[in-house]
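Examination of the molecular architecture
Single-letter residue listing:
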Amino acid sequence: MVKWTLISITLAFLGVFLLVPLAAVMTEALRKGLGAYFNGLQDPAAVSAIKLTLLTSLIAVPANLVFGLAASWAIAKFEFLGKSLLITLIDLPFAVSPVISGLIFVELFGLQGLFGHWLSDHNIRIIFAVPGIVLATIFVTFPFVAREMIPLMQEQGSEEEQAALSLGANGFQMFRRVTLPNVKWALLYGVILCNARAMGEFGAVSVVSGHVRGQTNTMPLHIEILYNEYNFVAAFAVASLLAVLALVTLVLKSIVEWRIHREIEASKA
Amino acid sequence: MSIELKNINKQFGAFKALDDVNLTIPNGQLTALLGPSGSGKTTLLRIIAGLETTDGAGQVLFDGEDVVQTSVRHRQVGFVFQHYALFRHMTVFENIAFGLRVRPRKIRPSREAINQRVRDLLKLIQLEGIEKRFPWQLSGGQRQRVALARALAIDPKVLLLDEPFGALDARVRQDLRRWLRRLHDEIHVTSVFVTHDQEEALEVADRIVVMNKGRIEQVGTPDEVFHSPANQFVMEFLGNVNLFHGRLKGGRNDFDSLSFDPADDGASKPARLLVRPHELAIHQQQTNGHSVAARIIRINSAGPVVKIELARNDGQSVFVELPHEMFHAEHFRVGSDVYVAPRHGRVFTEDYSI
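Sequence order as written defines residue numbering, which begins from 1 separately in each chain. Whichever chain is written first is A, and whichever ligand is written first is 1; the rest continue in order. Only residues with pLDDT of at least 70 are given local features in this predicted model, and only at 80 or more are side-chain atom pairs given and counted; all residues enter the totals for whole chains, interfaces and linings. Neither water nor hydrogens contribute to the side-chain values; these are computed over all heavy atoms in the structure.

**Concerning the overall build of chain B**
The secondary structure listing takes helices from DSSP runs of H or I that are at least 4 residues long and strands from runs of E that are at least 2 residues long, numbered from the N terminus. When its secondary structure is counted, chain B shows 10 helices and 19 strands. For chain B, the spread of C-alpha atoms along the principal axes amounts to about 80 × 45 × 35 Å. Summary of the burial criterion: residues with accessible area below 20% of their type's maximum are buried, those above 50% are exposed, and those between are partly exposed, where the area comes from a 1.4 Å probe applied to protein chains only. Relative to its 354 residues, chain B shows a buried fraction of 50%. Whether two residues touch is decided by their heavy atoms; if any such pair falls within 4.5 Å, the residues are in contact. Taking the contacts inside chain B whose residues are at least 6 apart along the sequence as the reference set, 66% of them involve residues at least 24 apart.

Written out as structure tokens, the structure reads:
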């Protein structure tokens, strides 16, 4: 009895807050038929927003992949002063509101900012341009990969790496043949989450973007503009892409989680 | 290959792990580094391997050649980790082949030669037929043997094993250490293993290095360290002992000159007698010479020898081990008042500090 009550409450909650909105996005997007839906997506401003979003995550995700690997390696395999401070700092973007993350970059690189004069003297634009969007996205998404890797690498320790070295492997062989295969699923998991966030980020990007249509609009920003212009079909058409991305992310995440679980079970046996 | 260690020091923060250690490990022997935890034995092993650096001007010589500046990668040592450290995502075959596969192309054996070498090693560790399994599908003893084969695959100049049987069940331990002894007799590679288990060291090793607090207390064959311990620490660490306080008469430091009479006559000096449980006899009557009154408080005859616990009048415990025949010849009961008399024992004077 209790069991079924709890299950129904959970399902009802999920229905109201997840499934109904998801369905609403799709019905709104398709309200005026498939023609209008694809028109919304083929609009040059929409295409440009999709391209910018892809470009941003194409830069931000690899950057955070490298950073995440380096940070988690350093934290898991070495002892050094200020290690716990570093772990706390990695969590900073989780703790800070994205809007503030964006403002930090305006503060640094904006015309009135710390490096503003130097940048404008050298004709470099960061704020209200693509570099600012990329920087803000990297900042907001940098915990994802590191957070996934640190616990796993700490648990695995560094004995396998030492064994590889004692058997004559060089640093690169050790990394490629031992370290990377041991963490590949956690790494992929972090990358999936990082990518989802990078594509969906609104707050930080909104502050630094300047909302120049066709130039500095990412998909979430483009959706907001369309929505404010009462262009609901186009807004929901683009939104549906993000919704599909979310679903794909969930599926990938479940597959990877299942693999990680299997590996943990295996190493316990 | 012989190993020589000169002036090895190692400090971890405020903790002195190794304090000016000098040691020579002869070629072809199986040497045990024996000591309690924190004695520095594992640190010493890791320094030999190059997994740890020495402080100051310590030297590690392989066949007379200083290898302190040589990285672990180039030292050609086979290191077997306490928890095996098998590559978890590789099969047994790939684990063993690893050291050959990562060689630079010029000196890497052909695919066929690698296959042959792995097959030979699997035969050596008596695990043919499991080469396609992953480490998690193996028992502890099997993992240990695979780790050993992996280390041997690179033809190491020296084989180093860190607590090789530490993580195994008592029964598997027994089998595996006998197997290791036989294996060593077969391949004769200079080997050093770390253990805190004196029984293991006494049974397996050609030579034992007893360590304590970062220093070497004694080096010798199992017979030497067991029967002629250099000091009280070695004696106590290598087995159960009973401690008796007494005084030495005359100038000699031996068992016969020791008296249990505590009276200080000015000419004698205080000393301690250490006696192993099997070196004590129990008598119904007081005997001449050394004997101490005690009451039997516990008898355990389930085992190869009868273990008897007694309490002396001053409350101190005495442990005695008697052969079953000797025990049954007398009529000892719990509560009997008897006399214990050492038949042998080693005398250490008070001025020795441990």
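**Some words on the confidence of the model for chain B**
For chain B, the mean per-residue pLDDT works out to 89, and 93% of the residues sit at or above 70. Across the predicted assembly, pTM comes out at 0.81 and ipTM at 0.83. Each residue carries a pLDDT score, the predictor's own confidence in it, on a scale running from 0 to 100.

**Notes on the sheet that holds strand β2 (residues 15–25) of chain B**
Residues and elements named next belong to chain B. DSSP bridges decide pairing: two strands pair if at least two such bridges lie between them. Sheet architecture is open: four strands sit in the order β2-β1-β4-β5, paired in antiparallel fashion. Among the strands making up the open sheet, the edge pair consists of β2 and β5 (65–66). Helix α1 (residues 41–49) contacts β1 (3–12), β2 and β4 (59–62) of the sheet and is inclined by roughly 120° relative to β1. To define axes, lines are fitted to C-alpha atoms, for helices over the stretch in contact only, and angles between the resulting N-to-C directions are given on a 0 to 180 degree scale.

**Thoughts on the sheet that holds strand β16 (residues 306–312) of chain B**
All names here are of chain B. Strand order across the open sheet formed by five strands is β14-β18-β15-β16-β17, with antiparallel pairing between neighbours. Every other strand in the sheet has two partners, leaving β14 (280–283) and β17 (317–322) as the edge strands with one partner each. Across this sheet, the average inter-strand angle for adjacent strands is 45°, counted without regard to direction. Sheet analysis places strand β15 (residues 292–300) next to strand β18 (residues 337–342), joined by four bridges and oriented antiparallel. Counterpart to A294 in the pairing with β18 is V338.

**Structural notes on the packing of aromatic side chains**
Between the rings of Phe, Tyr and Trp (Trp by its six-membered ring), a pair exists once the centres lie within 6.5 Å; its type follows the angle of the planes, with under 30 degrees stacked, over 60 edge-to-face, and the other angles tilted. Counted according to the given criterion, the structure contains 15 aromatic pairs over all chains. On the numbers, 5.9 Å between centres and 80° between planes, the contact of F105(A) with F139(A) is edge-to-face. One end of the pair, F105(A), is in helix α6 (residues 98–109); the other, F139(A), is in helix α8 (residues 130–141), with 34 residues separating them in the sequence. A residue is classified by how much of its surface remains accessible, and F105(A), at 11% relative accessible area, is buried. Relative to F142(A), the ring of F139(A) has its centre 5.9 Å away and its plane inclined at 90°; by these criteria the two rings are edge-to-face. The criterion for a charge sitting over a ring is simple: Lys NZ or Arg CZ within 6 Å of the ring centre, and within 35 degrees of the ring normal. Of note, R150(B) hangs over the ring of F87(B), and the distance from its end group to the ring centre comes to 4.5 Å. Sitting over the face of the ring of F226(B), R276(B) holds its NZ or CZ atom 4.5 Å from the ring centroid.

**Some points on a nonpolar patch on the surface**
Taken together, W4(A), I7(A), L11(A), F13(A), L14(A), V16(A), F17(A), L18(A) and L19(A) make up a surface patch of nonpolar side chains, about 970 Å² in accessible area. Along the chain, F13(A) turns up in helix α1 (residues 2–29). Any residue with relative accessible area above 30% and no salt bridge may belong to a patch, with like charges joined within 9 Å and the nonpolar Val, Leu, Ile, Met, Phe, Trp and Tyr side chains within 5 Å. Every accessible area reported is derived by Shrake-Rupley at a probe size of 1.4 Å, with residue values counting cover from the shown protein chains alone. Counted as salt bridges are all cases of a side-chain nitrogen of Lys or Arg within 4 Å of a carboxyl oxygen of Asp or Glu.

**Some details on helix α2 (residues 33–42) of chain A**
All names here are of chain A. Taken as a whole, α2 has its buried residues at Y37, G40 and L41. The buried residues of α2 occupy an angular sector of 95° when projected down its axis, which confines them to one face. Residues of α2 that are exposed and point more than 90 degrees away from the buried face comprise N39 and Q42. Note that the arc is defined by the directions from the helix axis to the C-beta atoms.

**A look at the interface of chain B and chain A**
Interface size is commonly expressed as the accessible surface area that is lost when the partners come together. With 23 residues of chain B at the interface, the matching set in chain A holds 20 residues. Buried area: the accessible surface (1.4 Å probe) lost by two parts on joining, summed over both. Taking both sides of the interface into account, the surface hidden between chain B and chain A amounts to around 2,100 Å²; carbon and sulfur atoms contribute 59%. Of all residues in chain B, R73(B), R88(B) and V102(B) bury the most surface against chain A, accounting for 30% of the area lost on that side. Counting the contacts that link chain B with chain A gives one salt bridge.

**Here's the deal with the nonpolar core**
To form a nonpolar core, buried Ala, Val, Leu, Ile, Met, Phe, Trp, Tyr and Cys residues must be joined to one another through side-chain atoms within 4.5 Å. With 60 residues, the main nonpolar core has I3(B), L44(B), F62(B), F98(B) and L160(B) as its most contacted residues. When residues in this core are grouped by element, the largest group, 11 residues, is from helix α11 (residues 171–200) of chain A. A97(B), L121(B), I130(B) and L152(B) belong to the second-largest nonpolar core, a separate cluster that totals 46 residues.

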